[in-house]
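Fold and contact review
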There are 2 protein chains.
Amino acid sequence: MASIKDVAARAGVSVATVSRVLNDHPSVSADARTRVLAAVGALGYRPNAVARSLRTDQTRTLGLVISDVMNPYFTELARSVEEEARALGYSVIIGNADERPDLQDHHVTTLLDRRIDGLLVSPTDGGSPRMLDAARTGTPMVFVDRWIPGVDVPVVRSDGRGAVRDLVAHLHALGHRRLAIIAGPAATTTGRERVDAFREALGAYGLALPDAYIGQGDFQADSGRRVTEGFLDLTEPPEVVFAADNLMALGALDAVRARGLRVPDDIALAAFDDIPWFVHTDPPVTAIAQPTRELGRAAVRALVDRVEGGPGESVSLPARLVVRRSCGEPAPPQSPSPVRRSTS
Amino acid sequence: MASIKDVAARAGVSVATVSRVLNDHPSVSADARTRVLAAVGALGYRPNAVARSLRTDQTRTLGLVISDVMNPYFTELARSVEEEARALGYSVIIGNADERPDLQDHHVTTLLDRRIDGLLVSPTDGGSPRMLDAARTGTPMVFVDRWIPGVDVPVVRSDGRGAVRDLVAHLHALGHRRLAIIAGPAATTTGRERVDAFREALGAYGLALPDAYIGQGDFQADSGRRVTEGFLDLTEPPEVVFAADNLMALGALDAVRARGLRVPDDIALAAFDDIPWFVHTDPPVTAIAQPTRELGRAAVRALVDRVEGGPGESVSLPARLVVRRSCGEPAPPQSPSPVRRSTS
DNA sequence: CTGAAAGCGCTTACAG
DNA sequence: CTGAAAGCGCTTACAG
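Residues numbered from 1 in each chain as written. Chains lettered and ligands numbered in written order. Predicted model: local features only at pLDDT ≥ 70, side-chain atom pairs only at ≥ 80, totals over all residues. Heavy atoms only, no water.

- Under an unreviewed UniProt entry, the name given to chain A is LacI family transcriptional regulator, and the organism recorded is Streptomyces pimonensis.

1. With respect to the sheet that holds strand β1 (residues 61-66) of chain A
All names here are of chain A.
- Reading across from one edge, β2-β1-β3-β4-β5-β11 is the order of the 6 strands in this open sheet, with parallel pairing throughout. Whereas interior strands pair on both sides, the edge strands pair on one side only; in this sheet they are β2 (91-96) and β11 (315-318). Pairwise comparison of adjacent strand axes, ignoring direction, gives a mean angle of 20° for this sheet.
- Strands β1, β2, β3 (118-121) and β4 (141-144) of the sheet are contacted by helix α5 (residues 72-87), whose axis makes an angle of about 170° with β1.
- Contacts between helix α6 (residues 101-113) and the sheet are confined to β1, β2 and β3, with β1 contributing the most and set at about 175° to the helix. (Pairing = 2+ DSSP bridges. Helix = DSSP H or I, 4+ residues; strand = E, 2+ residues; numbered from the N terminus. Axes fitted to C-alpha atoms, helices over the stretch in contact; angles between N-to-C directions. Contact = heavy atoms within 4.5 Å.)

2. Details of the domain arrangement of chain A
- Domain boundaries in chain A define domain 1 (4-47), domain 2 (58-157 + 293-317) and domain 3 (161-289).
- Computed from C-alpha atoms alone, the centre-to-centre distance between domain 1 of chain A and domain 2 of chain A is 37 Å. (Domains from an automatic or database assignment.)

3. Thoughts on the UniProt feature "domain: HTH lacI-type" (unreviewed entry) in chain A
- Sites flagged by UniProt as "domain: HTH lacI-type" (unreviewed entry) map to residues 2-56 of chain A.
- Split by type, residues 2-56 of chain A is 69% helix and 0% strand. Its first and last C-alpha atoms lie 21 Å apart. (UniProt positions renumbered as here; feature names shortened; annotations may be inferred.)

4. Observations concerning the pattern of salt bridges
Residues and elements named next belong to chain B.
- Within this structure, the stated rule accounts for 43 salt bridges over all chains.
- Arg-194 is the salt-bridge partner of Asp-145, the closest N and O atoms lying 4.0 Å from each other. Linking Asp-145 in the loop between β4 (141-144) and β5 (155-159) with Arg-194 in helix α9 (residues 189-203), this pair joins segments that are 49 residues apart in sequence. Taken as a pair, Asp-145 and Arg-194 share a single burial class, namely buried.
- For Arg-157, the salt bridge is made with Glu-193, and the minimal N-O distance between the two is 3.5 Å. (Salt bridge = Lys/Arg side-chain N within 4 Å of Asp/Glu carboxyl O. Buried < 20%, exposed > 50% of the residue type's maximum accessible area, 1.4 Å probe, protein only.)

5. What to know about unusual backbone geometry
- Here the bond from A:Asp282 into A:Pro283 is cis, since omega is -5°, no more than 30 degrees from zero.
- The topology assignment puts A:Pro283 in the loop between β9 (268-272) and β10 (286-289).
- Omega for the bond connecting B:Val263 with B:Pro264 falls within 30 degrees of zero, at 0°, which places this linkage in the cis form.
- Mapped onto the fold, B:Pro264 is located in the loop between α11 (246-258) and β9 (268-272).
- For A:Arg60, which is not glycine, the phi dihedral falls at a positive 50°.
- According to the relative accessible area criterion, A:Arg60 is partly exposed, its value standing at 34%.

6. Concerning helix α1 (residues 4-11) of chain A
Residue and element names in this part refer to chain A.
- Looking only at α1, the buried set comprises Val-7, Ala-8 and Ala-11. Along the axis of α1, the buried positions cluster into a sector of 100°, meaning they face one direction only. When the buried face of α1 is taken as reference, the exposed residues oriented beyond 90 degrees from it are Lys-5, Ala-9 and Arg-10.
- Note on α1: the residue one or two positions beyond its end, Gly-12, has a positive phi of about 70°. (Arc of directions from axis to C-beta.)

Shown next, in the form of structure tokens:
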């Protein structure tokens, strides 16, 4: 692969001059510039980003450590992060922690070894030593979605309290009184907050959230399945199950179906995190939607601000309730579409 | 951040010795080793991967350029790629082309600038000049899922012909005779192959695939919606729509529902690519499943083999038909589960 | 405007 | 077993 020396030789200038034209430094003669550009073109030269990074001490790369890529919520978040980063001239390297603290640590370490300019993380647990260390040492960092209390790092997240209140009001109006929740891991902020918000909202209606109605999940489908089975085995099963994320809702759907029961007739279901598939499930799932794209964008902007020496603003965006059919809502007016039906 | 010099100073040895213990070079005295290790621990030293890469001319990083991260098939592929790469001591940087040739080119360029050791790509189109160039120049490379004919690069993919034949047999047995397909972009191998396989399989039953029954999609949901609307507008609409990927199937589901019609009563639906959500859609979708995990693993192994100077073996794994309910299949025996039903 | 030179943080022959 | 030194491919004061 051609190096800057080759370009210099071919253009008949020094490597310093080549570097200058490549970096748009003003003091280069027009003549030198054209010769260099010609050589670059002829050689198909591309600067070695590794060498440049070593020299400039910046990689123009952001790290993103998320809990689970297979979760559509995080997939969308990752996509939005990459988009915004690209717009700002950064690349992003994604580390998938798979809800495993050890993997999270592995990725944080690898990313730091590569000297990324900044780190975006949605912590899986209370935070690995490596990560805490990085935060303390001043590595530009921001938390997205989940965060670690007590660590002085901006956090970009969505506030689900209002939407959870709306959900509970909705369920109450539908006549449901025994409401259960499949919680996320207590080690995560979102795991705890969603339970708290739910309990608080129930309280406003004089409803309690007994321990038997709090199932401990881990944000993965399997745990939703397991917890739901437990709920169904209760002498007095809940009328509604609220899954704290979309994957656990999927698992709940499985469990209900496996028993030959139906949602919402036998038991209602609602989920935190909305995804395109919820429109197409049987039945369509009532869910709380986060402004995922905006979250990703805001997180990148906050991080880049930190990278460039700014304070990096925390932001909290409201989530909202999306009502569909999984809680016993009345059927929507079946549009008597004036459409030709296919031959029977 | 501590550098190798700091470690050397603290341990009272030269940087060469530090480097040797870090790289497990045999000729280091036990004494030197322990002093170095102690210094490393005390300083929290971590080698700068950028500097190491510049020196060794290897980054231990693989690039993966995929067409669309939001497509669950590619998400799973990416995940499996990262897993296998990690097991082999490599990191992976993912570039999301979003089915856009210009974005694909951007990522290939960026990845190459970063001097990744090898490139895994699922080309969005006929191949950008940059990519073709890299292939020719000898950058270790392998195609996954999609490939570019005529480019001498190993390809790891799944062969859907058998499964498509099984699908057509299945549809034929169900009494369907007018079968249509929502094709992927003609610029992609998978876009073309799936149509060919479908046509061939139909031929075996003396069935034709008229042009009106070939809708041009682009692997995204919207195109599935649009094409399906076109099918429904036909004087003689098809009895079955086969979507060449899962996202277009989603779009088709939308379109059918938007007209107040039902799958499979009004029109049947099948999809290429199986995903967890298809179990939960209304109705569950009959699909062709690729061995995605294995594909990812095989692709990484082939690429790492190339990186290490090997030939990099092409592999083709068979896909298989997964029958569910979207084609008018008889209802499964409703398991009269011996399970307590929830109150009411 | 231009070039020689130093230096980023490592690794690795080469001598000893 | 150990260290001094060269060099990976760049960028950037410093002189001119």
